[in-house]
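A look at the structure
Given next are the chains, with one letter for each unit.
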Amino acid sequence: HISPLQSHLQSPCYLQYLRMFGKYSKVVYGTAAAAGTLGLVYLVTRDSGNVVKPFPEFKSKQSLIAKHLTLDKWQKLCDVKTQTAGFTLEQAFATAVAFDNQNTGVYAGDADSYKDFALVLDPIIEEYHGIKPGDKHTSDMDVSKIKGTINPHAPVHSVRIRVGRSFKGFGLSPGITREQRLELESLLKNALEALGDDLKGNYYPLLGMEEGVRQQLVDDHFLFVSGDPNLVVGGMERDWPEGRGIFHNKDKTFLVWVNEEDQVRRNHRKSVI
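Let us look at the structure shown here. Small disclaimer: the values here were computed from a predicted structure and weren't measured.

Side note on the pairing of strand β4 (residues 158–165)
Both faces of the sheet carry side chains from a regular strand, because those side chains alternate between them. Among the eight residues that make up β4, zero are buried, leaving the element largely open to the surroundings. Two strands pair when backbone bridges link them, and β4 and strand β8 (residues 264–271) are joined in this way by eight bridges, in the antiparallel orientation. Directly across from serine 158, in β8, lies its bridge partner serine 271.

The following block contains the structure:
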């Protein structure tokens with residue numbers, strides 16, 4: 001509903017928006033909140049008349065997304081949807097709006113996000129990881145260059161190697177669609193159950209899992225569960241538990257989580273005593 005500007009909207013909240021968006025000619029506003037402050041403020045540009053989404057209010061004011069998302073960048077990116085998952089920048093920083101304890105405060109919803117939202121994500125990646133937009137990945141498989149910090153005289157009881165991987169053409173967990181998640185689960189189930197020799201094993205979908213199987217996976221410390229607030233708000237637990245599952249081989253030394261945080265998370269375990 002569009003109404004003329006009312007004199008009673010001379011509140012600190014409204015005046016703050018005027019200072020931020022002084023170049024706009026008129027304001028479209030929603031219902032005032034119970035506390036008397038302005039609810040949502042939308043802005044209409046003089047030139048086009050297009051409604052601009054309100055600039056987000058971050059609870060995690062210390063987060064990198066709060067630092068690097070400017071009004072100019074927001075105006076350019078707020079209506080962009082990625083091709084692979086239809087993901088938006090507003091979805092990407094949902095946790096920084098909901099919580100006050102976020103560090104980066106932003107998730108990519110698919111591979112397209114890194115290009116479509118590069119104005120915001122590139123400086124965040126550079127500050128957090130030290131990787132600049134023009135940097136190239138290099139691979140070095142020379143194991144002699146690996147330097148550990150383990151005391152050579154300390155007894156090692158077991159070793160675990162964990163690797164996360166994602167697949168081209170599918171959304172990442174914050175943005176993946178239900179159809180994509182189910183398709184990916186089917187592809188991975190068939191691939192994993194085709195493994196032979198010491199990797200031969202079974203896939204256990206979370207949806208419809210028998211109680212005996214569930215309890216055994218809990219006892220083995222294999223089962224991943226729902227309920228993490230960051231994953232919920234970040235969109236990573238949509239349609240839970242559908243499309244998710246666990247594979248392990250007979251000896252339980254090779255474990256794969258399907259569609260948890262990563263599309264695939266592989267764990268290799270070996271006891272040395």
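Quick look at the packing of aromatic side chains
Using the criterion set out here, one finds five aromatic pairs in the structure. Between the aromatic rings of phenylalanine 58 and phenylalanine 93, the centroid separation amounts to 5.1 Å while the plane-to-plane angle is 80°, which identifies the pairing as edge-to-face. With phenylalanine 58 in the loop between β3 (51–52) and α2 (64–68) and phenylalanine 93 in the loop between α4 (89–92) and α5 (94–98), this pair connects stretches of sequence that are 35 residues apart. For phenylalanine 58, a relative accessible area of 7% puts it in the buried group. Overall, phenylalanine 93 belongs to the buried group, its relative accessible area being 2%. Here phenylalanine 224 and tryptophan 240 contribute two aromatic rings whose centre-to-centre distance is 6.0 Å and whose plane-to-plane angle is 75°, an arrangement assigned as edge-to-face. With a gap of 16 residues between them, phenylalanine 224 in the loop between α9 (211–219) and α10 (229–233) and tryptophan 240 in the loop between α10 and β6 (245–249) connect regions that are remote in the sequence. Classification of tryptophan 240 by relative accessible area gives partly exposed; the value is 28%.

Notes on the nonpolar core
Burial of nonpolar side chains together is a common tendency in soluble globular proteins. Counting residues in each nonpolar core, the largest one holds 18 residues, and the members touching the most others are Ile65, Leu69, Trp74, Leu89, Phe93 and Val120. Those elements that place two or more of their residues in this core are α2, α3 (71–77), α4 and α7 (118–129). In terms of residue count, α7 provides more of this core than any other element does, three residues in total. If near-sequence neighbours (up to four positions away) are discounted, leucine 69 is found in contact with Phe55, Pro56, Phe58, Trp74, Leu89, Phe93 and Val120.

Re the sheet that holds β4
One open sheet holds the five strands; their spatial order is β4-β8-β7-β6-β5, and the pairing between them is antiparallel. Across the chains shown, the open sheet's two edge strands, defined by having one partner strand only, are β4 and β5 (201–205). Taken pair by pair, the neighbouring strands of this sheet meet at an average axis angle of 15°, ignoring direction. As judged from the five bridges shared by strand β7 (residues 254–258) and β8, these two strands associate in the antiparallel manner. Across the sheet, leucine 255 pairs through a bridge with asparagine 267, a residue of β8.

Conventions adopted
Residues numbered from 1 in each chain as written. Predicted model: local features only at pLDDT ≥ 70, side-chain atom pairs only at ≥ 80, totals over all residues. Heavy atoms only, no water. Buried < 20%, exposed > 50% of the residue type's maximum accessible area, 1.4 Å probe, protein only. Helix = DSSP H or I, 4+ residues; strand = E, 2+ residues; numbered from the N terminus. Pairing = 2+ DSSP bridges. Phe/Tyr/Trp six-rings, centres within 6.5 Å; stacked < 30°, edge-to-face > 60°. Core = buried A, V, L, I, M, F, W, Y, C linked by side-chain atoms within 4.5 Å. Contact = heavy atoms within 4.5 Å. Axes fitted to C-alpha atoms, helices over the stretch in contact; angles between N-to-C directions.

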